[in-house]
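# Understanding the architecture of this molecule
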Amino acid sequence: MSQTNGMGGGGGNYNVYESPLVARNASPEMVALFSPQRKHSTWRRIWLALAEAEKSLGLPITDQQLAEMKAHLDDIDFDYAAKEEARVRHDVMAHLHTFAKAAPSAKPILHLGATSMDIVDNTDVLLARDAMALVAQKMANLIDALGHFALRYRDLPCLAYTHLQPAQPTTVGKRAVLWAYDFVLCLADIELKLQTLMLRGIKGTTGTQASFLELFEGDHEKVRKLEFAVAERLGFARVHPVSGQTYSRIVDAQMIGSLGALAAAAHKLAIDVRVLSSFKEIDEPFEEEQVGSSAMAYKRNPTLTERVTGLSRFLMNLVGNPLQTAAEQIFERTLDDSSNKRITIPEAFLTADAILDILIHVSRGLVVNQAVIRQRLEAELPFMATENILMAAVKAGGDRQDLHERIRRHSQEAAKRVKQEGKSNDLLARLQTDSAFASTDVTKALDPMLYVGRSSQQVDEFTKTILDPIRQRYSGKLQRKVQLKV
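Cut-off values and rules
- Residues numbered from 1 in each chain as written.
- Predicted model: local features only at pLDDT ≥ 70, side-chain atom pairs only at ≥ 80, totals over all residues.
- Heavy atoms only, no water.
- Helix = DSSP H or I, 4+ residues; strand = E, 2+ residues; numbered from the N terminus.
- Rg over C-alpha atoms; globule rule 2.2 N^0.38 Å.
- Contact = heavy atoms within 4.5 Å.
- Areas by Shrake-Rupley, 256 points an atom, 1.4 Å probe, with all protein chains shown as cover.
- Lys, Arg positive; Asp, Glu negative; His and termini not counted.
- Charge placed at Lys NZ, Arg CZ, Asp CG, Glu CD.
- Pairing = 2+ DSSP bridges.
- Polar contact = N/O pair within 3.5 Å; in protein donor to acceptor, adjacent residues only side chain to side chain.
- Core = buried A, V, L, I, M, F, W, Y, C linked by side-chain atoms within 4.5 Å.
- Buried < 20%, exposed > 50% of the residue type's maximum accessible area, 1.4 Å probe, protein only.
- 1 Å grid on protein atoms, 1.4 Å probe; cavity = no way out; pocket = protein on both sides within 12 Å on 5 of 7 lines; lining within 4 Å.
- Points joined across faces, edges and corners; volume = space filled by probe spheres on them.
- Nonpolar A, V, L, I, M, F, W, Y, C, P; charged D, E, K, R; others polar.
- Phe/Tyr/Trp six-rings, centres within 6.5 Å; stacked < 30°, edge-to-face > 60°.
- Lys NZ or Arg CZ within 6 Å of the ring centre and 35° of its normal.
- Salt bridge = Lys/Arg side-chain N within 4 Å of Asp/Glu carboxyl O.

## What about the overall build of the protein chain?
A count of helices and strands for the protein chain gives 19 helices and four strands. Relative to the 2.2 N^0.38 estimate, which gives 23 Å for 486 residues, the radius of gyration of the protein chain is 31 Å and therefore markedly larger than a compact globule would have. Reported as C-alpha extents along the three principal axes, the dimensions of the protein chain are approximately 105 × 65 × 40 Å. Of all intrachain contacts in the protein chain linking residues separated by at least 6 positions in sequence, the fraction that spans at least 24 positions is 77%. Element-wise, carbon and sulfur atoms account for 52% of the exposed surface of the protein chain, whose accessible area totals about 24,100 Å². Of note, the protein chain has its 59 positive side-chain charges centred 3 Å away from the centre of its 59 negative side-chain charges.

What follows is the structure in structure tokens.
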């Protein structure tokens, strides 16, 4: 073997599974947010906030103890913590021992009156807040990118589809604001979650605050003030009014449900781009040396949007986990919550993060093949123009019922020619040679802009009333460069 102890030439351990979400998809920012360092540093900050609040309410905690805690918020001895966890089989106690080792003077007052969920659950809320803020920022960037694309192609007519069959035309720009609007709705949902997010609070083992009432010798007002003093130090003004050992897992179900909606919006955009790519109307960005197929060198596969649909499918299927967890939280708490939550919540955010980065990159680099779009539209336009041709012929003195029947017969023959003989659409030529339409200039009805309605104006109005306010809210956080891993 060319590897030593499982280590390859790149310095990685190639004998250990690594999640593709980390290795291939999610951004360094989101990966770091759910890292052991970030989580356990936050645990220490909550321990510090609790001790500071308890001191402010009269418990015998010294400035020296607090200072020693502050000096060791981030220098975590993970090897020692792992040994302790192997010994005590409890991750919070292992890290509590590790913190006490680093700040020995604070050992007597660390975790005073608290239960594990006073630390873990509040940390989860803090991480969720930061993760949702990052998702919101990236959604704003995606909406901005789609908005610029929509304005650029506001007047480019194209085939619209219902039932995946050609229907009344739209414009490329109008279709792009349809994509954008899905994400506008998702962004509003995430922003609401951020505005209403609450800490679990400091409530003890079963949420009764009994241990803290004992610490403060029956003083209910001090116990009430304690959790708000902790919340303030952690950047929150609100805490859940009641909890069991954990905050209600309905909160997680609602949060991951919001990410699931984002995944659905992403899947819809991606599948549209994939279909348009198969029509050769629009291509996703393609690098100069990118290989589309190992066998077929000519291929330009939509691999980025294919990845988005795959990741979106995964994220949508994660939504059921927190729902079931919430449903099965028997009485004040059961531990099957923890093992599932440790996987589901980080992976949901890592997946959402990856999806958004890919779509931002794709939306900023979409290639519009205008000649193909025009050609495909022109092939169908004669059918779509028949109502206007009919009205013009009636105005010229024709019989509406007779004209309708003639158009019906000509349309069926033209469709047969296209579908069964593989020839071009000759409906226009058929109508021009029909004496009933001799007084009608049928070519005037073939301007595609006659059929796009208010598509261009809708793009302008959407930009002004919906997109511009989002751009103002996220001013300074737009147009960030996206570096995809692979």
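## Details of the pairing of strand 1 (residues 157–162)
Where strand 1 lies against strand 2 (residues 165–171), five bridges are found, and the strand directions are antiparallel. Looking at the pairing, Ala160 lines up with Ala167 of strand 2. In textbook terms, the turn of a hairpin is the stretch between consecutive antiparallel strands, and for strand 1 and strand 2 this stretch comprises two residues, one of which, His163, has a positive phi near 60°.

## Looking at the side chain of Thr344
Of note, Thr344 is situated in helix 14 (residues 336–365). Among the polar contacts made by the side chain of Thr344, one reaches the side chain of Asn340 at a distance of 2.9 Å. In this view, Thr344 contacts Leu318, Asn321 and Pro322; residues no more than four positions away in its chain are not counted.

## Describing the nonpolar core
If you look at the biggest cluster of nonpolar residues, it comprises 113 residues, and the most contacted ones within it are Met69, Val135, Phe183, Leu226, Leu259, Leu262 and Phe349. Apart from residues lying up to four places away in sequence, Leu226 is in contact with Leu50, Ala53, Glu54, Leu57, Ile202, Phe212 and Phe216.

## As for the layout of surface pockets
Its volume calculated, the largest pocket comes out at about 850 Å³. Residue lining of the largest pocket: 33 residues in total, with Lys39, Trp43, Asp91, Ser338 and Arg342 positioned closest to the centre. Among the secondary structure elements, those contributing two or more residues to the lining of the largest pocket are helix 2 (28–33), helix 3 (36–56), helix 6 (91–102), helix 7 (116–152) and helix 14. Here the lining of the largest pocket takes eight residues from helix 14, the largest share from any one element. Broken down by class, the residue content of the lining of the largest pocket amounts to 15 nonpolar, seven polar and eleven charged. Here the second largest pocket is characterised by a volume of approximately 470 Å³. Lining the second largest pocket are 24 residues, with Ala160, Tyr161, Thr170, Arg175 and Leu178 sitting closest to its centre. Those elements that provide at least two residues to the lining of the second largest pocket are strand 1, strand 2, helix 8 (172–196), helix 11 (250–278) and helix 19 (455–473). The dominant element in the lining of the second largest pocket, judged by the number of residues it contributes, is helix 11, at five residues. When its residues are assigned to classes, the lining of the second largest pocket shows 13 nonpolar, six polar and five charged.

## Notes on the packing of aromatic side chains
Within this structure, the stated rule accounts for six aromatic pairs. Each ring, one from Phe149 and one from Tyr153, has its centre 5.0 Å from the other, and the planes form 50°; the classification is tilted. Like Tyr153, Phe149 is buried. A connected cluster of aromatic rings, assembled from ring pairs, spans Trp43, Trp47 and Phe99. One cation-aromatic arrangement involves Arg249 over Tyr247; the distance from NZ or CZ to the ring centre is 4.4 Å. A cation over a ring is seen here: Arg376 above Phe279, with NZ or CZ 4.0 Å from the ring centre.

## So, unusual backbone geometry
Although it is not a glycine, Lys280 adopts a positive phi angle of roughly 70°. Within the fold, Lys280 resides in the loop between helix 11 and strand 3 (282–283). The class of Lys280 is exposed, set by a relative accessible area of 55%. A positive phi is found at Phe331, a non-glycine position, where the angle reads about 50°. Mapped onto the secondary structure, Phe331 falls in the loop between helix 13 (320–327) and helix 14.

## Observations regarding the pattern of salt bridges
As enumerated under the stated definition, the model contains 37 salt bridges in all. Measuring nitrogen to oxygen at the nearest pair gives 2.8 Å for the salt bridge that ties Arg342 to Asp91. Residue Arg342 is located in helix 14, and its partner Asp91 is located in helix 6; the two are separated by 251 residues in the primary sequence. Judged by its relative accessible area of 48%, Arg342 falls in the partly exposed class. Taking the shortest distance from any N to any O, the salt bridge between Arg409 and Glu405 comes out at 3.6 Å. Of the two residues, Arg409 and Glu405 both sit in helix 17 (residues 400–421), four residues apart, roughly one turn of that helix. Taking the relative accessible area as the measure of exposure, Glu405 reaches 27% and is therefore partly exposed. Three or more residues are tied together by salt bridges with common partners; here these are Asp121, Asp124, Arg249, Asp252, Arg333, Asp337 and Lys341.

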